[in-house]
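Spelled out from the first residue to the last, the chains are:
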Amino acid sequence: MDLLSVIRRWALRDELSIREIARRTSLSRNTIRKYLRSDVVEVQFKVPDRVSKLDAFSDKLSGWLKTEAGKPRKQKHTHKQLHADLVALGFTGSYGRVAAFARAWKAERSREQQTAGRRAFVPLVFQPGEAFQFDWSEDWAIIAGERTKLQVAQFKLSHSRAFFVRAYLLQTHEMLFDAHNHAFRVFGGVPKRGIYDNMKTAVDKVLTGKQRQVNARFLAMVSHYVFETTFCNPAAGWEKGQIEKRVQDGRHQLWQPMPSFPTLDALNEWLERRCQELWSETRHESEPGTIADAWRSEGPSLMQISRPFDGFVEHSKPVSSTCLISFERTRYSVPATFANERVSLRIYADRLVVVAEGKVICEHQRVIERSHHVRGRTIYDWRHYLAVIQRKPGALRNGAPFLELPDAFKRLQQHLLKHPGGDREMAEILALVLHHDEQAVLCAVEMAVNDGAPTKTHVLNLMHRLIDGKSAEVGKVEAPQALTLAKEPRADVDRYDDLRNAEEARHAS
């Protein structure tokens, strides 16, 4: 190209002779005349037809490609597999030649069917309050000094582009429900439609076309918030391209460098604040102003929510003879009155609620331990075993649930167990929390220990004073003047010997 430009400039502008141009370029005069007469401005080379090693296998490969085109994406053979199959038939060419043939075949097939390639899309426009998009992603953070893989719920309003991010340790139903509760709280309302992929927490089975067998609990949440659901075609992430792009942008804005927080709750608080800050820092693609400005204008179009969805998943669990139920390799205690029975376990994102006979009987903070190399934990509540120690007070000495007693109870126990019957007295004092405020019982126990009288009688006395509103402090008692001794008695044991040795000693008969 550069030489051709020089030849044309020398001949047409500088008016050099063809002989002089040939001398300077070392080209033949016929070649120079050909370029000047044809008025060529761009050199074009015709690729000669060459015999390819693939020619003998082109029909076979075309048939395979046609068969593969009708298969689901995950069942299609790769170009490397097709190359290996051709090699088994005697093909000696390279993989690159097979891949080039496959690309050319697909392009020709698209032209024949008058269809656009997978890289061509139609831009979408959404009205205020019309839709939001949701997706899960995997990211990493340092939680309590440990590098932790997180399942991140991603939301984005399709009109204003306002987005929300919340991290979890698992990708389960209760996490999904909790994420929707927080997202709609931050957005200030609910759009008319939600766009999802075919995630297992929402879709039980993909049917033909757009038909889906939707999970019952997911339908309950949709009914609670009153919005319509749209599920994308399988392996068609571009149908919710906004949230797919948001996942990519979020990795640079939120997760690089890797955030470090003492707890997952602290991380989520920071993520919520950071998302709202980014709304104000990012200009909207099509609306005037920032994302925050577009979100404020979209707010009136969102349906207001009265209360969050009670997003739990319920399981029936048997209670062991040691008053424990098991969930996710962790055991939790329940009141002893339900031992050897079945209870309902309601699983939330952050807690577990145990229900029996239509009433909530206890609640625990949820423990999520994903490492299978760590032994499962047992979470006790010593209050659940008070009914047992009323009948078996000796279990107080080595009972595992009572290792977590408050410090005042432990100090009282150390005094009482030194005496016979002290374990039963301790059991009766602990049982006071079943009928009275626990803090009042703790206060009475601590005062009794500090007074140097750690006994059941003294604790009960102090308890009644606290309940009646009287002062538990007992002042110094001053004796009346008439009862004051004029002469202090002398401590002399010899006088007992005098009585014993008296000649006329009188004895009781």
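Residues numbered from 1 in each chain as written. Predicted model: local features only at pLDDT ≥ 70, side-chain atom pairs only at ≥ 80, totals over all residues. Heavy atoms only, no water.

Caption draft 1: Region of interest: the sheet that holds strand S14 (residues 359–365). Across the sheet, which stays open at both edges, the 4 strands sit in the order S9-S12-S13-S14 with antiparallel pairing between neighbours. Where the open sheet ends on each side, the last strands, each with one partner, are strand S9 (313–318) and S14. Direction aside, the axes of adjacent strands within the sheet are offset by 25° on average. The pairing of strand S12 (residues 342–347) with strand S13 (residues 351–356) spans 4 bridges and is classified as antiparallel. By the bridge assignment, Ser 344 is partnered in S13 with Val 355. (Pairing = 2+ DSSP bridges. Helix = DSSP H or I, 4+ residues; strand = E, 2+ residues; numbered from the N terminus. Axes fitted to C-alpha atoms, helices over the stretch in contact; angles between N-to-C directions.)

Caption draft 2: Representation of unusual backbone geometry within the structure. In this structure, Pro 257 follows Gln 256 across a cis peptide bond, with omega equal to 0°. Following the sequence through the fold, Pro 257 ends up in the loop between helix H9 (241–253) and strand S8 (260–261). Even without a glycine there, the phi angle at Asn 340 is positive, about 65°. Along the chain, Asn 340 falls in the loop between strand S11 (330–333) and S12. Among the residues examined, Asn 340 registers a relative accessible area of 57% and is labelled exposed. (Buried < 20%, exposed > 50% of the residue type's maximum accessible area, 1.4 Å probe, protein only.)

Caption draft 3: Spotlight on the nonpolar core. Core analysis: the biggest nonpolar cluster contains 50 residues, and Phe 218 and Trp 255 have the highest contact counts within it. Counting residues per element, the ones that place at least two in this core are strand S1 (131–143), strand S2 (146–157), strand S3 (163–168), helix H7 (173–187), helix H8 (216–225), helix H10 (264–281) and helix H11 (291–298). Discounting chain neighbours no more than four positions away, the residues touching Phe 218 are Leu 176, Phe 177, Tyr 196, Met 199, Thr 201, Ala 202, Thr 229 and Phe 231. (Core = buried A, V, L, I, M, F, W, Y, C linked by side-chain atoms within 4.5 Å. Contact = heavy atoms within 4.5 Å.)

Caption draft 4: Focus on the packing of aromatic side chains. All told, the structure shown has 22 aromatic pairs when counted by the stated rule. Centroid distance Phe 155 to Phe 164: 6.3 Å. Interplanar angle 50°. Geometry classified as tilted. The two residues Phe 155 and Phe 164 agree in class, both being buried. When the centroid spacing of 5.1 Å and the interplanar angle of 50° are considered together, the rings of Trp 279 and Trp 295 count as tilted. Of this pair, Trp 279 sits in helix H10 while Trp 295 sits in helix H11, and the two are 16 residues apart along the sequence. On the basis of relative accessibility, which here comes to 2%, the residue Trp 279 falls in the buried class. For Trp 295, a relative accessible area of 22% translates into the label partly exposed. In textbook terms, an aromatic cluster arises when at least three aromatic residues are bridged by ring pairs, as seen for Phe 132, Phe 134, Trp 136, Phe 155, Phe 164, Tyr 168, Phe 184, Tyr 196, Phe 218, Tyr 225, Phe 227 and Phe 231. (Phe/Tyr/Trp six-rings, centres within 6.5 Å; stacked < 30°, edge-to-face > 60°.)

Caption draft 5: Fine view of the environment of Lys 200. With respect to the helices and strands, Lys 200 occurs in the loop between strand S4 (193–196) and strand S5 (203–206). Measuring from C-alpha to C-alpha, the distance between Lys 200 and Thr 172 comes to 8.8 Å, with 28 residues separating the pair along the chain.

Caption draft 6: Representation of the pairing of S1. Among the 13 residues in S1, 10 count as buried, and that is most of the element. In the sheet, S1 pairs with S4 via 3 bridges, with the strands oriented parallel. When the sheet's bridge partners are listed, Gln 133 is paired in S4 with Ile 195. Of the strand pairs in this sheet, S1 and S2 are connected by 12 bridges, and their pairing is antiparallel. Counterpart to Glu 138 in the pairing with S2 is Gln 151. Connecting S1 to the antiparallel partner S2 that follows it, the hairpin turn spans 2 residues, and Ala 144 within it adopts a positive phi of roughly 55°. Direction of pairing for S1 relative to S8: parallel, over a ladder of 2 bridges.

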